[in-house]
Amino acid sequence: MRPIDTDILVVGSGIAGLTFALRVAEYADVVLVTKKDRLDSNTNYAQGGIAAVVSSGDSFGRHVEDTLHAGAGLCHIDRVRTLVRSGPQAVADLIEWGVQFSRSEGRLALGIEGGHSKARIVHSQDRTGAAIEDALDRAVAAHPRIRVLENHMALSLLAARLEGRRRCGGAWVLDVKSGSAIQLISRATMLAAGGSSAVYQHTTNPAIATGDGVAIAHRIGATVANMEFTQFHPTALYPAEERAFLISEALRGEGAILRNWDGDAFMHAYDVRGDLAPRDIVARAVHSELRNSAKPHLWLDARHIARERMEERFPGILEGCLSKDIDPRRDPIPIVPAAHYMCGGVWTDRDGRTTLPGLFAAGETACTGVHGANRLASNSLLEAVVFAERAAARMLQELAFVPAPGDLEVLTPQDLSGFPAAPLSDLRNRLKQVMWDHLGIVRTRSEMHAGAELLEGLRREWWQLSQRSEPSGNGIHWAEAAETLNMIDVARLAVRCARWRRESRGLHFVTDFPHRDNESFLHDSTIVATG
Ligand code: SIN
């Protein structure tokens, strides 16, 4: 086993991991591990943009209000204020790192999305995530103190001891191409490994969104929260492929209208804000119309948007649809909902610290308290930058009290013998089906109960396979096995949170308890692991 020592380990290469790495690398050596090629992160597929108060007609108060309203009573107001007030600086930082946002008459062009009372979505046409990822990637690649290990997957976190206290001492990392394992010892670790929507059969996320950060943090004992709140995006292109192609909410912001099979614009029957209601409401309305129609999809009608506007603002959506022989300038777009974003995650304080010393989290992996029970559209890229930057400042302060990595006492040496070295695609597919059927947009107690039992069965199967593992497995199989284990474990965490919350709130809608219960459940659903 090859050991590597570093000051700071970063797991993940989306917007949170990259901004964090750039900040801390001014003062410390950084190793950044990413399990695929760097460009394959969830950030890369973000179409909408980054919500920030940058126009004179807008105010911090309004953005705070919109966020709290969408979050259905569970947002932490102090964190939301921090998020919103840091927005203009976060946008300025991204511009400084080279991100090119769309402009109109020299000013930042602003879009509007569901739940926002003002146009405040800073964007780069409909390819905002890719524009951000491109610029940050270049800055990271040019940085002399950041070493990037592509095709490396963190299999587990290392427990260490410092002055009698347990802490995170780095990670045990698989080099996927060679199949060898590395003990990567660090003075502090940032988990920015993205979300877990790939546990669902239909998702807008890439296949790598397997909840690795949450699963490995939970296994080492960090607290996890609000995992029941998976956000479903109402408009993914039908038929949904392995990664469903997203039709950005920004298109509804430009006037596109959801229609059912009778051609009715149905959203006003569900909410006065119509097509721009918060995402949980729109997803449930689409779900209900689909059920009533017994058809496989509904329609998004953008035909009335001026052709030039469509071409200039939404080239990516146009291209994606045209590749399926759908021309949104002429045809309504067939759409279905798909899992999109994990609002819960590894619980952190306002400086990105988890409950385990030495371990930080940011981006979709973290639960910072800003999203509550339903994330406001385009608040996630903002959250990633703001809280990654705060975490960077805090970690650098703490590093002064942590000895060199070689002086840390690492408590958890590991090897690969516990991982099944066999393809697990069948197990994975069954897991995705369980989650789609048992913890979807609309839930029932009995479905969740049955789902929990099925997930325990899948966990047992994984374990049985691991008992038959060959010592000569290869890196790709081990990585698949580790991902599958992580998927099963985050799915179990989600079902556990969901079964605890005996009410309906935000993204968690249970027909047995259709109302909010502020008496008993105006709380985060936290899972404190035993480590
Ligand atoms: C979208 O473009 O509709 C997605 C934006 C987001 O998830 O915040």
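Note: the structure precedes this text.
So, how was this worked out
Residues numbered from 1 in each chain as written. Predicted model: local features only at pLDDT ≥ 70, side-chain atom pairs only at ≥ 80, totals over all residues. Heavy atoms only, no water. Helix = DSSP H or I, 4+ residues; strand = E, 2+ residues; numbered from the N terminus. Rg over C-alpha atoms; globule rule 2.2 N^0.38 Å. Buried < 20%, exposed > 50% of the residue type's maximum accessible area, 1.4 Å probe, protein only. Contact = heavy atoms within 4.5 Å. Lys, Arg positive; Asp, Glu negative; His and termini not counted. Charge placed at Lys NZ, Arg CZ, Asp CG, Glu CD. Near = heavy atom within 4 Å. Polar contact = N/O pair within 3.5 Å; in protein donor to acceptor, adjacent residues only side chain to side chain. Areas by Shrake-Rupley, 256 points an atom, 1.4 Å probe, with all protein chains shown as cover. Nonpolar A, V, L, I, M, F, W, Y, C, P; charged D, E, K, R; others polar. Axes fitted to C-alpha atoms, helices over the stretch in contact; angles between N-to-C directions. Left-handed = near helix turned anticlockwise from the far one by under 90°. Pairing = 2+ DSSP bridges. Phe/Tyr/Trp six-rings, centres within 6.5 Å; stacked < 30°, edge-to-face > 60°. Lys NZ or Arg CZ within 6 Å of the ring centre and 35° of its normal. Expected span 1.5 Å × (residues − 1). Salt bridge = Lys/Arg side-chain N within 4 Å of Asp/Glu carboxyl O.

Participant: So what's going on with the overall build of the protein chain? Which residues, and what values?
Facilitator: The helix and strand inventory of the protein chain stands at 15 helices and 23 strands. At 22 Å, the protein chain has a C-alpha radius of gyration in line with the 24 Å of a compact globule built from 531 residues. For the protein chain, the residues scored as buried account for 62% of the 531 residues in total. Partitioning the intrachain contacts of the protein chain with sequence separation of at least 6 by distance along the chain shows that 75% fall at a separation of at least 24. Placing the 59 positive and 65 negative side-chain charges of the protein chain at their respective mean positions leaves the two points 2 Å apart.

Participant: Give me the lowdown on the site of the ligand, citing residues and values where you can.
Facilitator: Surveying the vicinity of the ligand reveals the residues Gly48, Glu113, His233, Leu246, Ser248, Glu249, Arg279, His340, Arg375, Ala377 and Ser378. Contact between the ligand and glycine 48: an oxygen atom at 3.0 Å from a main-chain N or O atom of the residue. One nitrogen or oxygen atom from the side chain of serine 248 is found 2.6 Å from an oxygen atom belonging to the ligand. Protein chains bury 94% of the 260 Å² of accessible surface belonging to the ligand in isolation. Across the shell around the ligand, the residue classes tally to two nonpolar, five polar and four charged.

Participant: How would you explain the packing of helix α1 (residues 15-24) against helix α11 (residues 379-399) if you had to name every residue and give the values?
Facilitator: Two elements in contact, α1 and α11, have axes separated by 8 Å at closest approach and are oriented at 35 degrees. Handedness of the crossing formed by α1 with α11: right-handed. Where α1 approaches α11, its residues Ile15, Ala16, Thr19, Phe20, Arg23 and Val24 are matched on the opposing element by Leu381, Ala384, Val385, Ala388, Glu389, Ala391, Ala392, Met395 and Leu396. Looking at side-chain class alone, the contact of α1 with α11 contains twelve nonpolar, one polar and two charged residues.

Participant: Now, about the sheet that holds strand β3 (residues 50-51): what can you tell me, with residues and values included?
Facilitator: With antiparallel pairing, the three strands of this open sheet are ordered in space as β3-β7-β6. Sheet topology places β3 and β6 (110-111) at the edges, where each strand pairs with a single neighbour. Bridging between β6 and strand β7 (residues 121-122) involves two bridges; their strand directions are antiparallel. Pairing of glycine 111 across the sheet is with isoleucine 121, part of β7.

Participant: Provide a residue-level description of the pairing of strand β15 (residues 298-301), including the pertinent values.
Facilitator: Examined bridge by bridge, strand β14 (residues 257-259) and β15 share three bridges and lie antiparallel to one another. Its bridge partner being in β15, arginine 259 is matched across the sheet by tryptophan 299. The pairing of β15 with strand β16 (residues 333-342) spans three bridges and is antiparallel. Directly across from tryptophan 299, in β16, lies its bridge partner proline 334.

Participant: Before we move on, can you summarise the packing of aromatic side chains with the specific residues and values?
Facilitator: Counted according to the given criterion, the structure contains six aromatic pairs. Residues phenylalanine 266 and tyrosine 270 carry aromatic rings whose centres are separated by 6.1 Å and whose planes lie at 85 degrees to one another, so their mutual orientation is edge-to-face. Relative accessible area serves as the criterion here: at 5%, phenylalanine 266 is assigned to the buried category. For tyrosine 270, a relative accessible area of 33% corresponds to the partly exposed category. Stacked on the ring of tryptophan 261, the Lys or Arg lysine 295 has its end atom at 4.7 Å from the ring centre. If you follow arginine 375 out to its NZ or CZ, it ends over the ring of tyrosine 341, 4.1 Å from the centre.

Participant: Describe helix α8 (residues 279-293), with residues and values.
Facilitator: The end-to-end C-alpha separation of α8 is 21 Å, in line with the 21 Å expected for 15 residues at 1.5 Å each. Of the residues making up α8, those classed as buried are Arg279, Asp280, Ile281, Val282, Ala283, Ala285, Val286, Ser288, Glu289 and Leu290. Those residues of α8 that are buried are in contact with β13 (230-237), α7 (249-253), β14, β15 and β16. Backbone geometry just downstream of α8 places alanine 294 in the positive-phi region, at approximately 55 degrees.

Participant: Could you give me a rundown of the side chain of histidine 297, with the residues and numbers involved?
Facilitator: Here histidine 297 lies in the loop between α8 and β15. You can call histidine 297 buried: its relative accessible area is 7%. Ignoring any residue separated from it by four or fewer positions in sequence, one finds histidine 297 in contact with Tyr238, Trp261, Leu290, Pro334, Ile335 and Val336.

Participant: Break down the pattern of salt bridges for me, citing the residues and quoting the values.
Facilitator: Two side chains that carry opposite charge are able to pair once their charged atoms sit near each other. On inspection of all chains with the given rule, the structure shows 39 salt bridges. Of the charged contacts in the structure, one is a salt bridge between aspartate 327 and arginine 329, with a shortest N-O distance of 3.0 Å. As far as burial versus exposure is concerned, aspartate 327 and arginine 329 are alike and both buried. One salt bridge connects arginine 459 with aspartate 489, and the closest N-O pair in it is separated by 2.8 Å. Taken as a pair, arginine 459 in helix α13 (residues 445-467) and aspartate 489 in helix α14 (residues 475-500) lie far apart in primary sequence, 30 residues in all. Here arginine 459 falls in the partly exposed class, since its relative accessible area comes to 23%. For aspartate 489, a relative accessible area of 7% puts it in the buried group.

Participant: So what's going on with the sheet that holds strand β12 (residues 224-225)? Which residues, and what values?
Facilitator: The strand order β19-β17-β12-β23 describes an open sheet built from four strands, whose pairing is mixed. Each of the sheet's edge strands pairs with one partner strand only, and the pair in question is β19 (366-367) and β23 (526-527). Note that β12 and β23 share two bridges and pair antiparallel. Of the residues in β23, the one forming a bridge with alanine 225 is threonine 526. Its contacts with the sheet put helix α6 (residues 212-220) on β12, β17 (345-347) and β23, and the angle it makes with β17 is roughly 45 degrees.

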